[in-house]
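Now for the letters of each chain:
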Amino acid sequence: VLAFDLYGTLVDPIAIADQLERVLDRADSAAVARAWRARQIDYTFRLTIMDRYRDFGWVTARSLDDALASLGLQLTAEARADLVAGYDQLPPFADVAPALTALRAAAPVLIVLSNGSPEMIDRCLRNAGLRAHFAAVVSADDVRAFKPAAAVYQHAAAEMGVETGAIRLVSSNPFDVIGAGTAGMKTAWCNRTGAAFDTIADPPELTVTDLGELSRVLTR
Ligand code: 2OP
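Residues numbered from 1 in each chain as written. Predicted model: local features only at pLDDT ≥ 70, side-chain atom pairs only at ≥ 80, totals over all residues. Heavy atoms only, no water.

Engineer: Explain the side chain of D95 residue by residue, including any values.
Structural biologist: By the secondary structure assignment, D95 is in the loop between α4 (77-86) and α5 (96-103). Overall, the relative accessible area of 16% leaves D95 in the buried class. Those residues within four positions of D95 in sequence are excluded, and the remaining contacts are R192, D210, L211 and G212. (Helix = DSSP H or I, 4+ residues; strand = E, 2+ residues; numbered from the N terminus. Buried < 20%, exposed > 50% of the residue type's maximum accessible area, 1.4 Å probe, protein only. Contact = heavy atoms within 4.5 Å.)

Written out as structure tokens, the structure reads:
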């Protein structure tokens with residue numbers, strides 16, 4: 001089974017900068033998009049550690065508020081709602097669709113494993129034209145804990161009726177790659193930006209620059 005992370009791996013959360021550009025009167029909307037993403041992930045860690053789960057839609061809205069406040073920016077309630085809805089329209093990376101077709105030759109079962117709520121994941125995949133590639137979608141919402149909690153990866157294995165070691169988790173997010181490996185999954189890090197890996201663990205067993213390379217490596 002190949003399990004794909006969604007945000008940052010299949011679709012680009014930083015592309016929300018285009019929408020931010022239209023509602024914010026400042027040039028570095030990409031910086032706002034990055035601050036928003038960083039706080040969104042920070043919130044998922046903290047809510048999980050405190051056992052105070054709220055779904056990813058709630059986290060995405062509240063982390064936007066935090067990012068804007070920290071940058072001294074204001075938005076109307078309507079513009080805020082439009083931006084949160086924009087998270088359902090994130091564009092897929094160009095390498096994704098062709099690679100998913102090729103990867104079916106390497107792994108008969110492709111799934112999505114994401115922090116997103118089931119509804120968010122479904123909307124995002126359908127708007128990106130990717131839903132049909134996947135046999136199943138597994139949401140962290142089912143276990144009311146976010147990645148890298150082991151329960152998320154164990155839940156995916158249970159849902160698919162396999163051991164965690166029978167799944168390879170593909171993610172651009174080092175915390176996700178390390179979390180999946182810690183839970184016993186095989187992993188692949190999709191490092192599109194050439195960033196350094198996380199120093200909290202050993203380098204990933206497989207690193208690729210995009211999903212096209214992953215399909216070539218795995219089919220070989
Ligand atoms: C996801 O779970 C980590 O946000 C990323 O899709």
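What follows picks up the thread again.
Engineer: Describe the nonpolar core, with residues and values.
Structural biologist: Ranked by internal contacts, the top residues of the largest apolar core, which has 66 residues, are F4 and L10. Here this core takes six residues from helix α2 (residues 29-49), the largest share from any one element. Once residues within four sequence positions are removed from consideration, L10 is found in contact with F4, D5, P91, P92, F93, V96, V112, L125, L130, F134 and L211. (Core = buried A, V, L, I, M, F, W, Y, C linked by side-chain atoms within 4.5 Å.)

Engineer: So what's going on with the packing of aromatic side chains? Residues and values would help.
Structural biologist: Under the definition given, this model contains eight aromatic pairs. Note on Y7 and F56: the rings are 5.4 Å apart at their centroids and 25° apart in plane angle, and the pair reads as stacked. With Y7 in the loop between β1 (2-4) and α1 (17-23) and F56 in helix α3 (residues 56-70), this residue pair connects regions lying 49 residues apart in the sequence. We note that Y7, like F56, is buried. Connected via pairs of aromatic rings, a cluster forms that spans Y7, W36, Y53, F56, Y87 and F146. Above the face of the F93 ring, R192 is positioned so that its terminal group lies 3.9 Å from the ring centre. (Phe/Tyr/Trp six-rings, centres within 6.5 Å; stacked < 30°, edge-to-face > 60°. Lys NZ or Arg CZ within 6 Å of the ring centre and 35° of its normal.)

Engineer: I'd love a proper account of the site of the ligand, names of residues and values included.
Structural biologist: Lining the immediate environment of the ligand, one finds D5, L6, Y7, R37, F56, S114, N115, K147, N173 and F175. Contact distances for the ligand include 3.2 Å between an oxygen atom and a side-chain N or O atom of R37. K147 has a polar side-chain atom sitting 3.2 Å from an oxygen atom of the ligand. Notes on the ligand: free accessible area 220 Å², of which the protein chains cover 100%. Its atoms largely coinciding with the cavity grid, the ligand occupies the largest cavity. (Near = heavy atom within 4 Å. Polar contact = N/O pair within 3.5 Å; in protein donor to acceptor, adjacent residues only side chain to side chain. Areas by Shrake-Rupley, 256 points an atom, 1.4 Å probe, with all protein chains shown as cover. 1 Å grid on protein atoms, 1.4 Å probe; cavity = no way out; pocket = protein on both sides within 12 Å on 5 of 7 lines; lining within 4 Å. Sits in = over half its atoms within 2 Å of the grid points.)

Engineer: Explain the sheet that holds strand β4 (residues 168-171) to me, and be specific about the residues and the numbers.
Structural biologist: The six strands are arranged β3-β2-β1-β4-β5-β6 in an open sheet whose pairing can be described as parallel. Pairing within the sheet leaves two strands with one partner each, and these edge strands are β3 (136-139) and β6 (207-208). Relative to strand β2 (residues 110-114), β1 runs parallel, the two being bridged by three bridges. Its bridge partner lying in β2, F4 is registered against V112. Contacts from helix α7 (residues 150-160) reach β2, β3 and β4, with the element oriented near 150° to β3. In the packing of helix α8 (residues 174-182) onto the sheet, contacts are made with β4 and β5 (186-190), and the angle to β5 comes to roughly 170°. (Pairing = 2+ DSSP bridges. Axes fitted to C-alpha atoms, helices over the stretch in contact; angles between N-to-C directions.)

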